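A structural walkthrough
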Amino acid sequence: MRRVTTLDEFIIQRQKDFAYASGDLSKLLRDIGLAAKIVSREVNKAGLVDLAGSIGTDNSSGERQQKLDKLADDMLISCLQNSGECCGIASEENKDFVTIKSLGDHDPKYVVIFDPLDGSSNIDVSVTIGTIFGIYRRVSPPKGPVTAEDFLQKGTEMVAAGYVVYGSSTMLVYTTGHGVNGFTLDPSIGEFCLSHPNLRIPEDGNVYSTNQGSYNKYPREVRALIDYCVDKNMSLRYIGTMVADVHRNLLKGGLFFYPPTGSSPNGKLRLLYECNPLAFLVEQAGGKATDGRRRILEIQPTELHQRTPIYIGSKNMVEKAEVFVNLAAEPIEKP
C-alpha cells in the first residue's frame, strides 16, 4: 500500500527549499490549507443552508457580491489574521489592503493576495469554482504597518502561489518556486493528500478556453486566433471559472485567454489576484503566461485592482497566440 503524504507533511519536508527557511512560510501555507478545507465544506453544503445567491452589495470591482464570496473572504482573512505569519492582506473583494497587527514580539514577513472565490457566477449552478492566492515578502520596514508597495510588486517577486478548485473533488495546487504539486482533499480524514506530484503542463494541447460568445467584441487579431483554433479542429472548453479552466489545461495541455474588448480595453482579469499567481504557477510547471506582448510576471502593478489581458497555458500554444496578437491590430471599437 502506497504511503499517503499529507499537505502538512509535504510542506515541512520541503521547507529546506525556501529562500528564507525559518518556518514562517511553511506555517502560512498550512493556514491557507486550513482555510481551504473550511471553504470547501461550506461550498459543498451551499444549497442546503442559505449560502447561494447575492448579498445585495458590489465588491471593489463593481461586481455583485455572492454570499459565498463574502464567506470565503472572511474565512481566509480570519485564518491569516490568526496565523501570526502574515502582516497584510489584499483581496479582490475589498477596496484597499488590510494591515494585520503582529502577535507579541514576532514581526511577520509576508503579505498575501487572493481571490477568495473565483467564478462567482457559477456558484448557484454547482459548477466548479476556486480560490487563488499569492504570497510576497514585505518590502516595507518590519516594525511599521504594511504599505501599498508591499502589494504592488511584480509577480517575479512572488515566493509562493497556488489555487484550490472546488469541483468533483477539492484539490489544492501550489508552488514555492521549486516545481508544482497537487493535493486532493480526502474527506474521510479531512486532509489534503499528495495526488499529483511534480506537475508539468504539456508543451502542446488541443484545447482552447475563451468566451467565444464575445467573438464580435474581440479585436481582429484575436478573432484570427480563434479562427485558427477552429480551423485546426481544436476543442473549445470554457467553464467560465478561470482557475478551473487553467487547472484543466495544466493537467491536459491547452490555452486559456481573456483578451481586451471595447468595454474592457485593459482586459477584465485582475493582475494581482488572478493573473500573477496563476502565471507564476504555470511557469513553474513549464508553461507560459503573457498579455500578448509582455510576460505577465514582469508587469509592474500600479494599483491593487489593475486589470490585464492574459494568454496562459502550454508554452507552444501561448507562443502561437502571441504571433496572432502581435499582428497589426485595428482599433477596438466600442460595442
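Cut-offs applied
Per chain, the residues get numbers from 1 upward, laid out in the order the sequence is written. Totals for whole chains, interfaces and linings use all residues, but because this is a predicted model, local features are given only for residues with pLDDT of at least 70 and pairs of side-chain atoms are given and counted only at 80 or more. Remark: hydrogens and water are excluded; side-chain values derive from all non-hydrogen atoms of the structure. A run of H or I in DSSP becomes a helix once it reaches four residues, and a run of E becomes a strand once it reaches two; helices and strands are each numbered from the N terminus. Only protein chains enter the area calculation, which uses a 1.4 Å probe; residues under 20% of their type maximum are buried, those over 50% are exposed, and those in between are partly exposed. Note on contacts: a residue pair is in contact if any heavy atoms of the two residues lie within 4.5 Å. Under the convention used here, a 1.4 Å probe and the Shrake-Rupley method define accessible areas, while residue burial counts only the protein chains that appear. Two strands make a pair as long as DSSP finds a minimum of two bridges between them. Axis lines are fitted through C-alpha atoms, for helices just across the contact stretch, and the angle between N-to-C directions can take any value from 0 to 180 degrees. Working definition: roughly parallel below 35 degrees, roughly antiparallel above 145 degrees, roughly perpendicular at 65 to 115 degrees, and oblique for all remaining angles. Each helix crossing is assigned a hand: it is left-handed if the near helix lies turned anticlockwise from the far helix by less than a right angle, otherwise right-handed if that turn is clockwise. Gly counts as polar in this scheme, as do all residues outside two lists: the nonpolar Ala, Val, Leu, Ile, Met, Phe, Trp, Tyr, Cys and Pro, and the charged Asp, Glu, Lys and Arg. By nonpolar core is meant a set of buried Ala, Val, Leu, Ile, Met, Phe, Trp, Tyr and Cys residues that side-chain atoms within 4.5 Å join together.

1. A look at the overall build of the protein
Each helix and strand in the protein was counted, giving eight helices and 17 strands. Residues counted as buried form 53% of the 335 residues belonging to the protein. Counting contacts in the protein only where the partners sit at least 6 residues apart, residues at least 24 apart contribute 65% of the total. Surface exposure of the protein reaches about 14500 Å², of which carbon and sulfur atoms provide 49%.

2. Observations regarding the sheet that holds strand β12 (residues 235-236)
Here five strands make up an open sheet; going across it, the order is β12-β11-β13-β17-β15 and the pairing mixed. The open sheet is flanked by β12 and β15 (288-290), the only strands paired with a single partner. Where strand β11 (residues 207-209) meets strand β13 (residues 255-258), two bridges bridge the pair, whose relative direction is parallel. Bridging across to β13, S209 finds its partner in F256.

3. Comments concerning the packing of helix α5 (residues 220-231) against helix α8 (residues 315-325)
Running from N to C, α5 and α8 cross one another at 135°; their axes reach a closest spacing of 8 Å. Classed by the angle they form, the pair α5 and α8 counts as oblique. Where α5 crosses over α8, the two elements pack in a sense that is right-handed. Across the interface between the two elements, E221, A224, L225 and Y228 from α5 touch K320, A321, F324 and V325 from α8. Residues belonging to the contact of α5 with α8 are distributed by class as follows: six nonpolar, no polar and two charged.

4. Describing helix α6 (residues 242-252)
Within α6, nine of the 11 residues are buried, which leaves the element mostly enclosed by the surrounding structure. Listed in full, the buried residues belonging to α6 are M242, V243, A244, D245, V246, H247, R248, N249 and L250. Within two residues after α6, G253 carries a phi angle of roughly 95°, on the positive side.

5. What to know about the sheet that holds strand β4 (residues 98-99)
Spatial ordering of the open sheet is given by β4-β3-β5-β6-β7-β8-β9-β10, a layout of eight strands whose pairing is mixed. With partners counted over all chains shown, the strands left at the sheet margins are β4 and β10 (191-196), one partner each. Across eight bridges, strand β6 (residues 129-137) lies against strand β7 (residues 158-166) in antiparallel orientation. Within β7, the position partnered with T131 by the bridge is V164. Against the sheet, helix α2 (residues 24-44) makes contact with β3 (86-91), β5 (110-118), β6, β7, β8 (170-175), β9 (180-186) and β10, and its axis sits at roughly 15° relative to β7, the strand it touches most. Packing of α6 onto the sheet brings it into contact with β5, β6, β7, β8 and β10, and relative to β7 it is tilted by some 100°.

6. Concerning the nonpolar core
Formed by 42 residues in total, the largest nonpolar core has its most connected members in Y163 and I310. If you tally residues by element for this core, the top one is helix α7 (residues 271-284), at nine residues. Formed by 38 residues, the second largest nonpolar core is a distinct cluster that contains V112, I129, Y166 and L172.

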